[in-house]
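Coordinate analysis (summary)
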Amino acid sequence: MHNSAGYSELAYTTEYEEYKGYLIDWATEPDGDNPQRFFGNFRARKDGKATLGMMTALPLETRADAKNEAIRFARAEIDKVAGDDA
């Protein structure tokens with residue numbers, strides 16, 4: 001994973017996953033070098049907390065794989081910052 005400076009410019013889903021009080025939304029985007037592969041991106045928001053956002057470092061075979069990987073990474077990042085606050 002790496003930070004994505006432009007993550008707010010993506011078309012994020014209007015469906016949300018909820019995890020430890022954070023709302024997670026995601027977007028996928030094709031790899032510029034191989035448009036048949038996809039990066040997953042996420043934003044995780046919680047009132048009073050900084051928004052978390054990242055994208056997968058490697059493109060995946062399908063949009064569904066990219067979405068699932070983004071959600072998995074979102075949960076891991078939330079676990080890092082939430083600690084015992086969740």
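Keep in mind that this is a model prediction, so the values were computed, not measured.

1. Regarding the nonpolar core
Core analysis: the biggest nonpolar cluster contains 10 residues, these being Tyr22, Ile24, Phe42, Ala44, Leu52, Met54, Ala70, Ala74, Ile78 and Ala82. For this core, the elements supplying multiple residues, two or more each, are strand S2 (22-30), strand S3 (38-45), strand S4 (52-55) and helix H1 (63-82). Considering every element that reaches this core, the biggest residue donor is H1, with four residues. Ignoring anything within four residues of it in the chain, the contact list for Ile78 reads Tyr19, Lys20, Tyr22, Ile24, Ala44 and Leu52.

2. Concerning the confidence of the model for the chain
With 86% of its residues at a pLDDT of 70 or more, the chain shows a mean pLDDT of 86. Under a pLDDT of 50 for its full length, residues 1-8 has, in the predicted model, 19 contacts with residues more than four places off or in other chains.

3. Description of the pairing of S4
Here S4 shows two buried faces, one formed by Leu52 and Met54 and the other by Gly53 and Met55. Sheet topology note: the S3/S4 ladder contains four bridges and is antiparallel. By the bridge assignment for S4, Arg43 is matched with Gly53. Hairpin connection from S3 to S4: six residues lie between these consecutive antiparallel strands, with Gly48 at a positive phi of about 80°.

4. Description of the side chain of Arg43
Summarising the element assignment, Arg43 is placed in strand S3. On the accessibility criterion, Arg43 (17% relative accessible area) is buried. Of the polar contacts made by the side chain of Arg43, one reaches the side chain of Asp25; its length is 2.6 Å.

Reading guide: rules and limits
- Position labels on residues start from 1 in each chain and follow its written sequence.
- This being a predicted model, a pLDDT of at least 70 is required before a residue's local features are given, and a value of 80 or more before pairs of side-chain atoms are given or counted; all residues contribute to the totals for chains, interfaces and linings.
- Only heavy atoms go into the side-chain values, all of them from the structure, while hydrogens and water stay out.
- Throughout, nonpolar core names a set of buried Ala, Val, Leu, Ile, Met, Phe, Trp, Tyr and Cys residues whose side chains join them through atoms within 4.5 Å.
- Three labels apply to residues, based on accessible area from a 1.4 Å probe with only protein chains included: buried if under 20% of the type maximum, exposed if over 50%, partly exposed otherwise in between.
- What counts as a helix is a DSSP run of H or I of at least four residues, what counts as a strand is a run of E of at least two, and both are numbered from the N terminus.
- Throughout, a residue-residue contact means that at least one pair of heavy atoms, one from each residue, lies within 4.5 Å.
- A score between 0 and 100, pLDDT records how confident the predictor is in each residue.
- By definition, two strands form a pair when at least two bridges between them are found by DSSP.
- Throughout this description, a polar contact denotes any pair of N or O atoms lying within 3.5 Å of each other; where both atoms belong to protein, one of them has to be capable of donating a hydrogen while the other can accept it, and for residues adjacent in sequence the pair is counted only when both atoms sit in side chains.

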